[in-house]
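The lines below spell out each chain.
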Amino acid sequence: MVLIIQIKRLVADILSILRQFLWARFAKLGPPLLPSSEETSENSSSRRKMDEIQLPPFNRSGHAAHARRCMSALPRSQIELDASRLALAFYNLGILDLLGDLNDVTAPPQWQKDGWINWLWAQQTHGKYGSGFRPSPFMTLHPLESNLEYSDYDAPHLIMTYTALLALAILRDDFSKLDRSGLITFLRACQREDGSFMTTPKDGENDLRTLYCAFAISAMLDDWSGVDVERAKAFIASCRTYEGGYGQAPFCEAQGTRFQPKSEPFQCLRLITLSSAPRLLTGGTTYIAVASLYLAPSSTGSGPLTAIEKAQTVRWLVNNQTAVKDGEATLGGFAGRTGKPADSCYCFWCGAALKILKYDGLIETKPLALFLARCQFKFGGISKFEGEHPDPYHTYLSMAALSMYPPSPLLAEEKPESWKFPVLDPLLNARVETAEWAKKNISGKGQ
Amino acid sequence: MKSRADSEEDQTPALFSERPEWSDVVTVPQYETDTPIAPILYSPEYQDASDYFRAIVKSQEHSERVLDLTEHLIRLNPAHYTAWQYRYETLLALSSPFETELELMNELAVKYLKTYQVWHHRRLLITHLRTPQPELKFIERCLQVDSKNYHTWSYRQWLLSHFVDNEDLWRDELDFVENAIGDDVRNNSAWHHRHFVVFGCGVRPGDEDRARVARRELTFTKQTISLAPNNLSAWNYLRGVLDTMKLPYSLLTQFVKPYTVPLDPKRIDIVDLENPPPPPGAQLPCVHAIEMLADIHEQAGDKDNILQAVELWKSLANEHDTMRVKYWEHRIRDALNSR
Ligand SMILES: [Zn+2]
């Protein structure tokens with residue numbers, strides 16, 4: 001018996017040596033179709049030049065100041081955010097979290113954090129469809145402290161509930177106020193016959209984004225009794241496209257994310273500069289689908305995607321990294337759909353999907369950082385591409401992308417350390433410490 | 001319903017608090033905590049309309065003037081999903097003609113093309129009215145404003161799948177999408193729509209012969225590639241046709257090869273409709289063609305073919321598609337390891 005195992009090992013070793021030998025041979029061969037050794041060496045020297053390019057500093061203090069300004073007040077040009085303020089709060093807090101600005105000496109005072117926590121909990125509301133969080137008090141018919149049940153027009157919102165839980169985790173709340181069983185009831189009320197989820201129990205958008213939020217909430221609760229996982233998975237499968245990505249709903253084109261409205265002339269409130277009302281949590285649908293599949297408890301032994309499906313999705317994702325020559329440098333941002341220009345938020349959506357699929361090693365990090373460096377707005381904040389106005393959504397997602405894909409080799413004109421970020425949990429979309437805190441305290445099982 | 005054009009003539013619309021016909025309403029202010037996050041500094045107009053809207057929702061009034069109020073609010077904030085929801089319920093309660101509402105939506109859809117609610121509302125109206133036919137022209141108008149708008153394309157796909165048995169609605173769809181691709185061969189949304197029309201919604205009458213359909217799609221796509229070879233959308237569609245119909249990639253070998261090498265200026269073209277050649281002046285070799293040829297070799301699976309695939313991937317990694325050098329190296333490793 002022992003002998004057989006040893007022989008098997010020996011054979012395996014020989015095979016692996018052979019494979020390495022073959023691999024080394026192939027690696028040395030010149031391309032047969034275009035035998036151009038000159039071009040190849042030219043290419044490797046251009047790669048070397050690319051490595052030598054220095055990054056400008058990452059404007060950490062500017063981006064932190066932008067986030068804090070957005071937390072304190074928004075100009076009237078942002079009225080369209082009235083029905084998604086909580087998501088905006090999440091992105092701003094996420095920025096401060098990734099910058100490490102909530103716990104160091106420059107951190108906001110505790111009374112301010114308590115004030116934010118207080119506002120977030122004031123959005124938790126209960127009623128006939130269970131409990132969850134509303135986007136803001138924009139449709140509240142009674143004083144917030146009255147604790148009356150919500151009406152059909154002020155019901156909780158699934159996307160806002162997901163962002164509220166993460167925002168509270170960023171602020172290290174203990175979640176003693178969380179109505180867990182009400183939350184399960186709410187998730188049930190949002191799921192439809194076809195497995196998808198609505199943003200609000202009575203009516204509302206239903207696409208893959210809401211499904212992801214329901215899954216992320218269930219994962220944080222460590223309780224999946226609020227969702228019919230198999231039906232939801234069937235809905236995800238129906239959104240898959242021939243390109244290997246996912247659309248928002250069955251039949252829809254694969255995309256990184258839903259589009260942001262075009263920037264319009266904006267009114268400036270002192271130093272607040274925002275792109276015109278960005279759609280918050282637009283959620284790159286391919287990321288959303290992949291993250292949901294990997295968050296879900298698996299019913300079978302096999303992975304959530306077949307090898308062929310995975311290969312096709314990886315191909316689609318890496319094809320979204322664009323290459324724009326700029327002198328010696330190549331800017332390598334990600335596009336959200338085939339044939340579209342790069343946009344900073346897709347660096348997260350596509351990058352995170354690849355990370356979840358464990359293909360993060362395929363991304364060129366230096367061109368990615370060079371692209372994001374260009375998206376920095378001079379007074380703080382990051383925009384979707386160079387020359388646009390910044391917003392917290394693109395600022396947060398750009399940093400989240402950098403925390404998964406730190407530029408390498410890291411050469412910067414000054415402050416190379418400004419490009420360093422804490423590690424991110426790609427499934428929940430928060431830094432690892434925050435995601436761990438969320439899972440421990442929202443489930444209530446880790447205390 | 002008063003149209004916007006009328007009210008715009010008297011400059012800024014009066015605040016609801018200044019309108020005598022609203023004097024009976026007790027407004028509901030927005031409640032806030034002492035320490036709000038990201039409070040919006042509302043315009044007086046929006047604040048006023050919101051105060052009245054909350055009051056109306058509280059009293060559950062469904063009347064003509066609610067239509068005025070919600071239209072006003074929606075114009076100030078088209079993402080106000082509650083205003084849309086309440087407006088729809090009011091239309092139902094009043095048995096208000098949906099045709100009139102649809103006319104208003106024709107204006108608002110183009111104005112707020114990127115707002116989900118505009119399209120959602122339209123779906124509700126059309127589901128009720130069951131008049132899909134004129135929608136096709138309307139969608140074309142929207143696509144003229146923004147030919148890649150995700151909502152607009154999704155709406156067209158919803159319409160066609162919702163009225164899937166309506167032959168009149170479907171009759172010219174293939175021509176429509178052919179034109180859309182003709183207008184811009186790089187419009188991925190149009191390619192995606194083509195896949196939906198041909199494969200995504202069951203078999204249309206006349207398309208029962210699937211082998212013929214596959215041939216038609218391959219020919220169309222190859223012709224389009226021969227006009228503009230470096231177009232990933234078309235190559236992806238080509239793969240999509242083969243994958244959907246479970247056909248081997250090797251069907252494309254003859255077609256693909258001329259696109260994988262530099263253009264030969266002395267080449268003499270033989271007219272071959274099945275294998276249209278690259279156009280004069282094309283930027284060759286084409287990355288997507290090299291990738292396709294490598295996949296053809298990989299699919300064949302024997303040692304010689306794998307070696308040829310490896311050579312092609314190496315040329316992509318080293319020369320033609322250096323942004324994805326790590327991806328091509330991964331493909332090489334993968335192919336060699338799985339042997
Ligand atoms: Zn974006």
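On a predicted model such as this, the values are computed, not experimentally measured, just so you know.

> Explain the overall build of chain A to me, please; I cannot follow it from the model alone.
A count of helices and strands for chain A gives 15 helices and six strands. Residues counted as buried form 60% of the 447 residues belonging to chain A. For chain A, restricting intrachain contacts to residue pairs at least 6 apart in sequence, the fraction spanning at least 24 positions comes to 70%. Surface exposure of chain A reaches about 17300 Å², of which carbon and sulfur atoms provide 56%.

> Looking at this structure, how should I read the overall build of chain B?
Across its full length, chain B carries 17 helices and zero strands. Each principal axis of the C-alpha distribution contributes one length, and for chain B these read about 85 × 50 × 40 Å. Taking all 339 residues of chain B together, the buried fraction comes to 57%. For chain B, restricting intrachain contacts to residue pairs at least 6 apart in sequence, the fraction spanning at least 24 positions comes to 64%. For chain B, the distance from the average position of its 38 positive side-chain charges to the average position of its 52 negative side-chain charges is 7 Å.

> Honestly, the interface of chain A and chain B in this entry has me stumped. Any pointers?
Frequently, the measure chosen for interface size is the accessible area removed from exposure when the parts meet. Listed per partner, the contact involves 93 residues of chain A and 85 residues of chain B. Buried surface at the junction of chain A and chain B, summed over both partners, amounts to about 7800 Å²; 59% is from carbon and sulfur atoms. Here Arg85(A) ties to Glu32(B) by a salt bridge, and the two come within 2.9 Å at their closest N and O atoms. At the junction of chain A and chain B, the tally comes to 24 residue pairs in polar contact (both at pLDDT 80 or more). Breaking the side of chain A that touches chain B down by element, the ones donating at least two residues are helix H1 (2–28), helix H2 (37–52), helix H3 (60–72), helix H4 (85–98), helix H5 (110–122), helix H11 (307–319) and strand S4 (329–331) of chain A. At six residues, H5(A) tops the list of elements feeding residues into the side of chain A that touches chain B.

> Which parts of the structure should I look at to understand the coordination of the zinc ion?
Four donors placed tetrahedrally around a metal ideally meet at 109.5 degrees, and six donors placed octahedrally ideally meet at 90 or 180 degrees. All names here are of chain A. All of the protein donors around the zinc ion are Asp343 (OD), Asp343 (OD), Cys345 (SG) and His394 (NE2); their distances to the metal are 2.1 to 2.5 Å. The coordination sphere of the zinc ion comprises four donor atoms, whose angles at the metal cover 54 to 121°; the geometry is irregular. Mapped onto the sequence, the donors of the zinc ion take the spacing D-x1-C-x48-H. In this pair, aspartate 343 is assigned in the loop between S4 and helix H12 (344–356) and histidine 394 in helix H14 (residues 392–404), connecting sequence segments 51 residues apart. Grouping residues by exposure puts aspartate 343 and histidine 394 together as buried.

> Would you take a moment to explain the packing of aromatic side chains for this structure?
By convention here, two paired aromatic rings are described through the distance between centres and the angle between planes. Enumeration according to the criterion identifies 38 aromatic pairs over all chains in this entry. Ring geometry for Phe377(A) against Phe379(A): centres 5.9 Å apart, planes inclined by 75°, an arrangement best described as edge-to-face. Given the relative accessible area of 48%, Phe379(A) is considered partly exposed. Both rings, one in Tyr88(B) and one in Phe98(B), keep their centres 6.0 Å apart while their planes meet at 50°; by these two values the pair is tilted.

> Please clarify how H11(A) should be interpreted in this entry.
Here H11(A) contains 13 residues, and its C-alpha end-to-end distance of 18 Å stays within 8% of the 18 Å for a straight helix at 1.5 Å per residue. By the burial criterion, the buried members of H11(A) are Thr313(A), Val314(A), Arg315(A), Trp316(A), Leu317(A), Val318(A) and Asn319(A). Its buried side turned inward, H11(A) meets helix H10 (285–295) and H12 of chain A together with helix H13 (232–244), helix H15 (287–300) and helix H17 (325–337) of chain B.

> For this particular structure, what's the right way to read unusual backbone geometry?
Among all residues except glycine, the phi angle is most often negative; among peptide bonds, the trans geometry is most common. Along the chain, Ser408(A) connects to Pro409(A) via a cis peptide bond; the corresponding omega equals -5°. Residue Leu284(B) is joined to Pro285(B) through a cis peptide bond whose omega torsion reads 0°. With respect to the helices and strands, the residue Pro285(B) is situated in the loop between helix H14 (253–256) and H15. One non-glycine residue, Lys415(A), lies in the positive phi region at around 50°. Backbone geometry places Ala38(B), a non-glycine residue, at a positive phi of 50°.

> Would you mind going over the pattern of salt bridges with me for this structure?
Two side chains carrying opposite charge are able to pair once their charged atoms lie near each other. Evaluation of the coordinates by the stated rule reveals 41 salt bridges over all chains. It is possible to trace a salt-bridge network through shared partners that takes in Arg315(A), Arg239(B), Glu291(B), Asp295(B), Glu298(B) and Arg331(B).

> Just to check I follow, could you spell out the packing of H11(A) against H13(B) for this structure?
The relative placement of two packed helices is expressed as an angle between their axes plus a distance between the axes. Packing of H11(A) against H13(B) brings their axes to within 13 Å, and their N-to-C directions diverge by 175°. Accordingly, the angle class assigned to the pair H11(A) and H13(B) is roughly antiparallel. Every residue of H13(B) that contacts H11(A) at Gln312(A), Arg315(A) and Asn319(A) is listed here: Leu232(B), Asn236(B), Arg239(B) and Asp243(B). For the contact of H11(A) with H13(B), a count of residues per class yields one nonpolar, three polar and three charged.

> Sorry if this is basic, but what is going on with the packing of H4(A) against helix H6 (residues 158–170) of chain A here?
Residue and element names in this part refer to chain A. It is at 9 Å that the axes of H4 and H6 come closest, and there the two elements cross at 30°. In this view, H4 runs roughly parallel relative to H6, as classed from their interaxial angle. Classified by chirality, the crossing of H6 by H4 is left-handed. Contacts between H4 and H6 involve Leu86, Ala87, Phe90, Leu93, Gly94 and Asp97 from the first element and Met160, Thr163, Ala164, Leu166, Ala167 and Ile170 from the second.

> Just checking my understanding: could you explain the pairing of strand S2 (residues 130–133) of chain A for this structure?
If a strand is regular, its side chains alternate between the two faces of the sheet. Side chains Gly130(A) and Gly132(A) of S2(A) all project onto a buried face; the interleaved residues Ser131(A) and Phe133(A) project onto the opposite face, where all are buried too. The antiparallel pairing of strand S1 (residues 124–127) of chain A with S2(A) creates a hairpin that spans two residues between the two strands.

> When you look at the confidence of the model for chain B in this model, what are you seeing that I'm missing?
Parts of the prediction with low pLDDT should not have their coordinates interpreted in detail. When pLDDT is averaged along chain B, the result is 93, and 96% of the positions lie at 70 or above. The complex model carries a pTM of 0.90, and its ipTM stands at 0.93.

> Is there a simple way to explain the nonpolar core in this structure?
When a protein is soluble and globular, its nonpolar side chains tend to lie buried together. Tyr287(A) and Phe348(A) are the most contacted members of the largest nonpolar core, which has 233 residues in total. Apart from the residues within four sequence positions on either side, Phe348(A) is in contact with Tyr287(A), Ala353(A), Leu397(A), Ala400(A), Ala401(A), Met404(A), Leu424(A) and Asn429(A).

> So what exactly am I meant to see when it comes to the environment of Leu312(B) here?
Residues and elements named next belong to chain B. Summarising the element assignment, leucine 312 is placed in helix H16 (residues 303–320). Residue classification places leucine 312 among the buried residues on the basis of a relative accessible area of 4%. Separated by 20 residues in sequence, leucine 312 and methionine 292 have C-alpha atoms that sit 9.7 Å apart.

Conventions adopted
- Residues numbered from 1 in each chain as written.
- Chains lettered and ligands numbered in written order.
- Predicted model: local features only at pLDDT ≥ 70, side-chain atom pairs only at ≥ 80, totals over all residues.
- Heavy atoms only, no water.
- Helix = DSSP H or I, 4+ residues; strand = E, 2+ residues; numbered from the N terminus.
- Buried < 20%, exposed > 50% of the residue type's maximum accessible area, 1.4 Å probe, protein only.
- Contact = heavy atoms within 4.5 Å.
- Areas by Shrake-Rupley, 256 points an atom, 1.4 Å probe, with all protein chains shown as cover.
- Lys, Arg positive; Asp, Glu negative; His and termini not counted.
- Charge placed at Lys NZ, Arg CZ, Asp CG, Glu CD.
- Buried area = accessible area lost by both parts, 1.4 Å probe.
- Salt bridge = Lys/Arg side-chain N within 4 Å of Asp/Glu carboxyl O.
- Polar contact = N/O pair within 3.5 Å; in protein donor to acceptor, adjacent residues only side chain to side chain.
- Donors = N, O, S within 2.8 Å, 3.2 Å for Na, K, Ca; no water.
- Tetrahedral: all angles 85-135°; square planar, octahedral: opposite > 155°, others 65-115°.
- Phe/Tyr/Trp six-rings, centres within 6.5 Å; stacked < 30°, edge-to-face > 60°.
- Expected span 1.5 Å × (residues − 1).
- Axes fitted to C-alpha atoms, helices over the stretch in contact; angles between N-to-C directions.
- Parallel < 35°, antiparallel > 145°, perpendicular 65-115°, else oblique.
- Nonpolar A, V, L, I, M, F, W, Y, C, P; charged D, E, K, R; others polar.
- Left-handed = near helix turned anticlockwise from the far one by under 90°.
- Pairing = 2+ DSSP bridges.
- pLDDT = per-residue confidence, 0-100.
- Core = buried A, V, L, I, M, F, W, Y, C linked by side-chain atoms within 4.5 Å.

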